[in-house]
Amino acid sequence: MSKSELRVLAQNEQAVCCSPMVREPLGEADAVDLARMFKALSDPVRLRLLSLIASHEGGEACVCDLTGPFDVSQPTISHHLKVLREAGLVGSERRGTWVYYWVLPAALARLSSLLQTSDEPTGVGAR
């Protein structure tokens, strides 16, 4: 899939949620989109980056705040951020010489709704 075909959610866009997969099978298009998101999250560095961005004060983080905690080069961090952005998990904006990143709540809501097992919250070990 080319970059021009990727659809990145806007920061304030509502989630287009799919039914939990325990209720109905996933459609082909949804499976492709969701697989891209899960694939992006399957790398430990990207998962940590997403967590750092989401938990950063103010809900957004400068790329300058994201390079310190890792034993990889700055270009590698930039690559991982690009993968997260292209998967529709984070948004970004250049401000002067720095790029700021934020988590797209609609994307996380979509992943969360897919993995729900029921309409009601349950405790650990509940069936």
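Caption draft 1: Just the overall build of the protein chain, in detail. A tally of helices and strands in the protein chain yields five helices and three strands. Helices (α) and strands (β) of the protein chain occur, in sequence order from the N terminus, as α-α-β-α-α-β-β-α. Per-residue burial for the protein chain yields a buried fraction of 29% across its 127 residues. Pairs at least 24 apart in sequence give 66% of the contacts found in the protein chain among residues at least 6 apart. Here the protein chain displays about 8100 Å² of accessible surface, and carbon together with sulfur accounts for 53% of that area.

Caption draft 2: Up close: the pattern of salt bridges. Applying the stated criterion across every chain yields a total of four salt bridges. R95 is paired through a salt bridge with E93; the nearest N and O atoms lie 2.6 Å apart. A single salt-bridge network, built from bridges that share partners, covers E60, E93 and R95.

Caption draft 3: Representation of the sheet that holds strand β2 (residues 90-95) within the structure. On the basis of which strands lie adjacent, the open sheet formed by three strands has the order β1-β3-β2 and antiparallel pairing. Two strands bound the open sheet, and with one partner strand each, they are β1 (60-62) and β2. Mean inter-strand twist for the sheet, computed between neighbouring axes without regard to direction, equals 25°. One ladder, built from three bridges, connects β1 with strand β3 (residues 98-103); its direction is antiparallel. Counted as the bridge partner of A61 is Y101 from β3. Packing of helix α2 (residues 44-55) onto the sheet brings it into contact with β1, β2 and β3, and relative to β3 it is tilted by some 90°.

What counts as what
- For every chain, the first residue of its written sequence is number 1, and the numbers climb from 1 along that sequence.
- Residues qualify for local features only when their pLDDT is at least 70, as the model is predicted, and side-chain atom pairs are given and counted only at 80 or more; totals for whole chains, interfaces and linings, by contrast, use all residues.
- Water and hydrogen atoms play no part in the side-chain values, which are based on all heavy atoms of the structure.
- Numbering of helices and strands runs from the N terminus; a helix is a DSSP stretch of H or I covering at least four residues, while a strand is a stretch of E covering at least two.
- Using a 1.4 Å probe on the protein chains alone, a residue whose accessible area is under 20% of its type maximum counts as buried, one over 50% counts as exposed, and one in between counts as partly exposed.
- Pairs of residues are marked as contacts when any of their non-hydrogen atoms sit within 4.5 Å.
- Using a 1.4 Å probe, accessible areas were evaluated by the Shrake-Rupley method; residue-level cover was limited to the displayed protein chains.
- Salt bridges are defined as contacts in which a side-chain nitrogen from Lys or Arg sits within 4 Å of a carboxyl oxygen from Asp or Glu.
- Paired strands, as defined in this entry, are two strands with at least two bridges between them according to DSSP.
- A fitted line through C-alpha atoms represents every axis, and for helices the fit uses only the stretch in contact; the resulting angles, taken between N-to-C directions, go from 0 to 180 degrees.

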